[in-house]
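Here's the letter readout for the chains.
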Amino acid sequence: MHRESILKKLSSSPQGIIGLSILAFFIILALAAPLVAPYDPTDMSADPFLRPSGAHWLGTDDVGKDILTVVIYGSRTSLIVALAVSVTVLAIGTAVGVFSGYVGGNIDRAFMRGVDIFLMIPDLPLILILAAYLRPGIWNVVFILALLGWPVSARITRAQAITLKSAGHVDFARVSGGPDIYVIGKHIIPDLYPIMATTVVMQSIRAILSESGLAFLGLGDPSFPSWGTTIKYAIGYPGIFFTDAWMWWLLPAGACISLLVLAFVLVGQCLEGDE
Amino acid sequence: MVIMKRGVKVLSLLLIITLVPSMFMVPAIAAGSASSSGDKVWTSSWGASGGDWGFPSPFAFYPRGPGYTMMSFCFDTLIWPDKSGDFTGLLAKSWESSPDGLTRTFHLRDNVKWHDGTPFTASDVVFTYDYIKDKSAVAPVGAGWYDTSVIKSITAPDDHTVQIVLTKPYAPFISQVAAVIPIVPEHIWKDIAEPAKYTDKKAAIGTGPFMLDDYSADQQSYKYSANKDYYLGAPVIDTLIFVKSADVVISLKKGDIDEAGLTFDQVQTLNDTSNIKVVGGDGYWVYRLRFNLPNNTILNNTDVRKAIYYAIDCDDMQSKVLHGGGIAGNPGYVPPYSTWYYPDVAKYAYDPAKANQILDAAGYDKKDADGIRLTLDGKRMEFQLLYTSDTQTQRIAELLQSYLKAVGIGITFKPGDMKTVDGLVGAGNFEMAIYSHGTSTDPARMLNGFPASTGWNDTRFNALGKQQVSAMNEKDRKALVDQMQVLIADNVPTIPLIYRNVYTGFNKDRMDGFFFTPGGIGGGVPTEYNKLVFIQGTWNAKSATPSSDAAPFLAGVLAIGAVATAMLAISRKKV
Amino acid sequence: MTYIKTSGARRMDKAYRKAILNRGLEYALTFFIILTINFFLPRVMPGGPLLSIFGSQNSDLPVVIDDATKLKLMDYYHLNDPLHIQFINYLIDTAHLNFGYSIYYNIPVVDIIAGRLPWTILLMGSALLISTALGVYLGLESSWRRGKAIDRALLVIMPVLKSIPVFFLGSLIIFIFGFRLGIFPVSGGMTPYAVYSSPIRMIADIASHLALPLACLVIFEITGSYLLVRNVCTQQMERPYIVMAVARGLKDRNIRKHVLKNSLTPVVNQAAAMLGFLVGGAIFIETVFSYPGMGLLVYNSFLERDYPVLQAAFIVMSLCVLACNYAADIISGYIDGRARQD
């Protein structure tokens, strides 16, 4: 139930292997973007609506940007948002969950009441309202997604913390007079690794789908090329379905989102022990 | 296993039972036609974005957008622009002006009736103008569109004559007032204290070629029926419908709608559709770069603005953003297809070298590691660019960023929605902004507002503005407007980037004749919906086109059948 | 095994009633907090409620919002009163379904919502029913034939379906079925102003417009119930008493019935939980398909920054989600009680 076994679990199942490899591919793509992409993401020197050719493998979009470049750099945006949101949610959710579960009593009840309320709120309308008031920007998006995401993590973590609290070795440590922080740090948190891994996976899925969805609705950050924005521009082009443009403008971005999410889904399935 | 199998069997049986009678219904459904036979129905569409422009009464329509146009189908003005852009008489059959330009006399048609049968007389005209003047504080919709400030008095010497006395000679009176203000029936409106709230059916009673049948804010649709007794002749169609459509190109190709306004990109996709005719028109829709003058000290420097102008390639911008559906802006601000255009002004052709030269000479020659110039206090020469986040403006912003980076000026994006952008600009809380709007075709509205719309306050310019509005002689007025353009080009208070054309596509096999009125209607709106098109157009269709809904129904039936068969097949498989 | 039928009175026992009441109070509290968030949002955000009201217009065409609506809105917000008075007024207004005036439409917000809500209920309701029914069916089949071809195929297809963003899926569906095959209309709820020769034709028209968005939503949602049902049923079948029953040679149909009954509770709960999810999905679907429901309203209002409509829509949607969750709790409690007595 520790770090090593997670990796072992992942590498033993076909789902895990496929998921991890797709994930690795995108991470490498994102990191190596300036080396791999043929053009600069702000380069608009080409003519608009060019078909795929040697110079532009996926053609150009409505303003003359190379689509392949935009798609490659889009991976950065998705992964940054996924990372930021999942880390933030993990931090806040684990902290609140462990604290609440460990302390118990009325504080626990109060916290869980708050969590329940958060869980009830439909998130997309609230995101839209908040985005309507705030300015479109990538950190605003991360903030909103994390704000609506930590309750789930807190609840799961708390459940596990409660179970662990009365587990044998934890109880022993407590009874032996170890300070709470020590008990938490040494005994509870490590056993939470599986839950944390699952949380990272779930939140990443949510973050990627939400970010591209919001970008599709027009809430993206214009300085960050995003797959959702690409789809938005593609659909906005009247000839997208009348010419073949959908093949090289619409499909790649959509396929990338689906693949990246699929990677996380497979990893998640493998971690939860589905066969 | 048995119960599942049995359950599935029962379900499949039920589905099949419903399928059989449905099969018989299909031909019956296909046979029924879409609307009452013989009815000449014309369907136009505003596209996906909005379509609700308010109730089409002169005081209830939504001020921003085609609300005025929707109202103009039911209500007539005294005078109206026709196909050539000249003014023809609508409710007024002739008109003249006193030599000093202060008294205008309109001779009204006789035999004009309101939609409810009451005869139209001069007292309706007097009532309308007085009503608007009186209610201008309460119904600002009207006041924004209807400018009665130059009217001193209005009287009706007899039942078919109206005399308007102006406070001063006002050159655009015909085009901006007489051809804009719709006449409303006195007998209906004299008891209405809150005109903006009056949205009863009777509020749409006018003298126009169409009568309002239905307006649905929910469906964002309008339905008009023809006024057969219209004094210019009955319209060539019986019913006029405006609807929303998510994809006008598909709807046009399928025949769901007959006409729609198009962007240039959409026009390209209709090249292969033989029955759709495309007509283009001068757009008068401008995208311009606004500066926070005079607050921003750097941008207040005319040389800096000129350098920025040299740094921008407007032709390239047009081809990347409008893809050929527009033209590059010109420094005199008045677009080249306007009759007021003056070509002899300072030009700022794309010349980044020159831009660099000017900026170096202005003292901004030091640059930092990224190549961005430093101002005199050592800060980066970077500006926030405010703009509304629709696709075209977004692309313009990106292009601007790239052009200006090449000459060492940094741009950060600040996208927002229309209201936020308007609010911030109005409050003076911005540095640069991309502003896009339609402009009127008359210089009075196009240019005189410059001090407010650009922040540039030049006494000479303002004086010229006042003069040209009172210049009754066309030649004199043109000379004054020319000088105004020269001043604009010399001072670059704003940079007009691109002008966007307008296009319409319509099914010429059903009706032909759409045109864009030179000069626009209602004081300059460049729309294809000049109501005269429905009087002067030609109806080509032989019979009403029925739309068949059998196909989707059949498809649904087949789908259910397929699912039922699949379920039967699965349950029959052995465990 | 024999099944004991219990009388109705014993089922609705005191504990059950108390639990339901408690849950009801919780939901009421949640709703109150949502109302409070809704109250503070415009007042806390940069610009305040005045931002939307006083956004001015500087082109040479007329103003965006007319003064009459401006005054009405300022009145509605009671901006001149102290905060607690504003809050009380806000609660009273909400209770009377007075959500203010739409800035864009200049008509009362509640009228707009009343026109849009039925479409969304139609779309989401049918999507929920169909996707849950299909998900249960497929999940059952899958768990019953665990390891066989169908199960393995579904296990591969479902994750893929789950990964495709719903707006992308919608565009593909529009492309294939709307454009290339031309079978279904690509937008709208029904053909506007069409004159129907019979009510059947109107239903057919609405149905044909509903088909594509419904298909998209169902595909999007089905993975949830499928996986849940499959897991729950699989767990059920490993329970000792089921294994015993199979070993004793009990008829298949009785076993399946039992498994199904015991797995209904989590399905019902999840269906209700999915509703919150569906509300979000509906926004994308309705935008892509231009379906005239609440989702498209939220999107358009967001574009126009029509804050009164946005906030009213948020309250209405939250209320729906809460109500459905509460209903789900009641139903699953009832089922649980019944199952326990069997």
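Residues numbered from 1 in each chain as written. Chains lettered and ligands numbered in written order. Predicted model: local features only at pLDDT ≥ 70, side-chain atom pairs only at ≥ 80, totals over all residues.

A. Quick look at the overall build of chain B. Regarding its fold elements, chain B presents 19 helices and 19 strands. Scored against the burial criterion, the 575 residues of chain B give a buried share of 49%. Pairs at least 24 apart in sequence give 72% of the contacts found in chain B among residues at least 6 apart. (Helix = DSSP H or I, 4+ residues; strand = E, 2+ residues; numbered from the N terminus. Buried ≥ 20, exposed ≤ 12 C-beta atoms within 10 Å, placed from the backbone. Contact = placed C-beta atoms within 7 Å.)

B. How the structure looks around the packing of helix α6 (residues 109-144) of chain C against helix α9 (residues 199-237) of chain C. Contact pair α6(C) / α9(C): the axes reach a minimum separation of 6 Å and the direction vectors enclose 35 degrees. When you trace α6(C) past α9(C), the crossing you get is right-handed. (Axes fitted to C-alpha atoms, helices over the stretch in contact; angles between N-to-C directions. Left-handed = near helix turned anticlockwise from the far one by under 90°.)

C. Structural detail: the interface of chain A and chain B. Across the contact, 16 residues belong to chain A and 19 residues belong to chain B. The class makeup of the residues in the side of chain A that touches chain B is nine nonpolar, six polar and one charged. (Nonpolar A, V, L, I, M, F, W, Y, C, P; charged D, E, K, R; others polar.)

D. Quick look at unusual backbone geometry. Pro294(B) follows Leu293(B) through a cis peptide bond whose omega is -10 degrees. Topologically, Pro294(B) is positioned in the loop between β12 (276-291) and α9 (302-311). A positive phi angle, near 60 degrees, is found at Leu97(C), a position not held by glycine. Tracing the backbone shows Leu97(C) in the loop between α5 (83-95) and α6. C-beta crowding within 10 Å serves as the criterion here: with 13 such atoms nearby, Leu97(C) is assigned to the partly exposed category. The backbone of Ser290(C) sits at a positive phi, close to 50 degrees, despite the residue not being glycine.

E. The sheet that holds strand β5 (residues 103-108) of chain B, seen in detail. Residues and elements named next belong to chain B. Spatial ordering of the open sheet is given by β4-β5-β7-β6, a layout of four strands whose pairing is antiparallel. Since the sheet does not close on itself, it has two edges, and those belong to β4 (92-97) and β6 (151-158), each with one partner. Neighbour to neighbour, the strand axes of the sheet diverge by 20 degrees on average, direction disregarded. As defined by bridge partners, β6 adjoins strand β7 (residues 161-166) across five bridges and the pair is classed as antiparallel. Pairing of Thr155 across the sheet is with Gln163, part of β7. Helix α3 (residues 122-135) contacts β5, β6 and β7 of the sheet and is inclined by roughly 165 degrees relative to β6. (Pairing = 2+ DSSP bridges.)

F. Geometry of the nonpolar core. Among the nonpolar cores identified, the biggest contains 245 residues, and Leu310(C) and Ala313(C) are the most heavily contacted of them. Counting residues per element, this core draws most heavily on helix α12 (residues 245-272) of chain A, at 18 residues. Not counting residues within four places of it along the chain, the set of residues in contact with Ala313(C) comprises Pro125(A), Ile113(C), Met294(C), Leu297(C), Val298(C) and Ser301(C). Membership of the second largest hydrophobic core comes to 51 residues, among which are Ile358(B), Leu386(B), Leu400(B) and Val492(B). (Core = buried A, V, L, I, M, F, W, Y, C linked by C-beta atoms within 7 Å.)

G. Structural view of the environment of Ile312(B). Residues and elements named next belong to chain B. Positionally, Ile312 belongs in the loop between α9 and α10 (314-321). For the pair Ile312 and Ala260, spaced 52 residues apart in sequence, the C-alpha to C-alpha distance is 33 Å. Ile312 has contacts with Met317, Tyr350, Leu400, Tyr403 and Ile495, leaving out every residue within four places of it along the chain.

H. Geometry of the confidence of the model for chain B. All names here are of chain B. Per-chain confidence: chain B averages 83 in pLDDT, with 85% of residues scoring 70 or above. Confidence drops under a pLDDT of 50 for residues 19-37, and excluding neighbours within four residues, the segment shows 29 contacts in the predicted structure. Confidence drops under a pLDDT of 50 for residues 545-549, and excluding neighbours within four residues, the segment shows 10 contacts in the predicted structure. Across the predicted assembly, pTM comes out at 0.82 and ipTM at 0.86. (pLDDT = per-residue confidence, 0-100.)

I. Expanded view of the packing of helix α4 (residues 67-103) of chain A against α12(A). All names here are of chain A. The interhelical angle for the contact between α4 and α12, taken along N-to-C directions, is 25 degrees, at an axis separation of 10 Å. Here α12 runs roughly parallel to α4, going by the angle between their axes. For α4 against α12, the interelement crossing comes out right-handed. Contacts between α4 and α12 involve Ile67, Val71, Gly74, Ser75 and Ser78 on the former and, on the latter, Trp248, Trp249, Pro252, Ala253, Cys256 and Leu260. When its residues are assigned to classes, the contact of α4 with α12 shows eight nonpolar, three polar and no charged. (Parallel < 35°, antiparallel > 145°, perpendicular 65-115°, else oblique.)

J. Summary view of the pairing of β4(B). All names here are of chain B. Note that β4 and β5 share five bridges and pair antiparallel. By the bridge assignment, Ser94 is partnered in β5 with His107. If you look at the hairpin formed by β4 and β5, you'll find five residues sitting between the two strands, and Gly101 has a positive phi there, around 80 degrees.

K. Fine view of the pairing of β5(B). All names here are of chain B. Of the two faces of β5, only one is covered, namely that formed by Arg104, Phe106 and Leu108; the face formed by Thr103, Thr105 and His107 stays uncovered. Bridging between β5 and β7 involves five bridges; their strand directions are antiparallel. Paired with Thr103 across the bridge in β7 is Val165.

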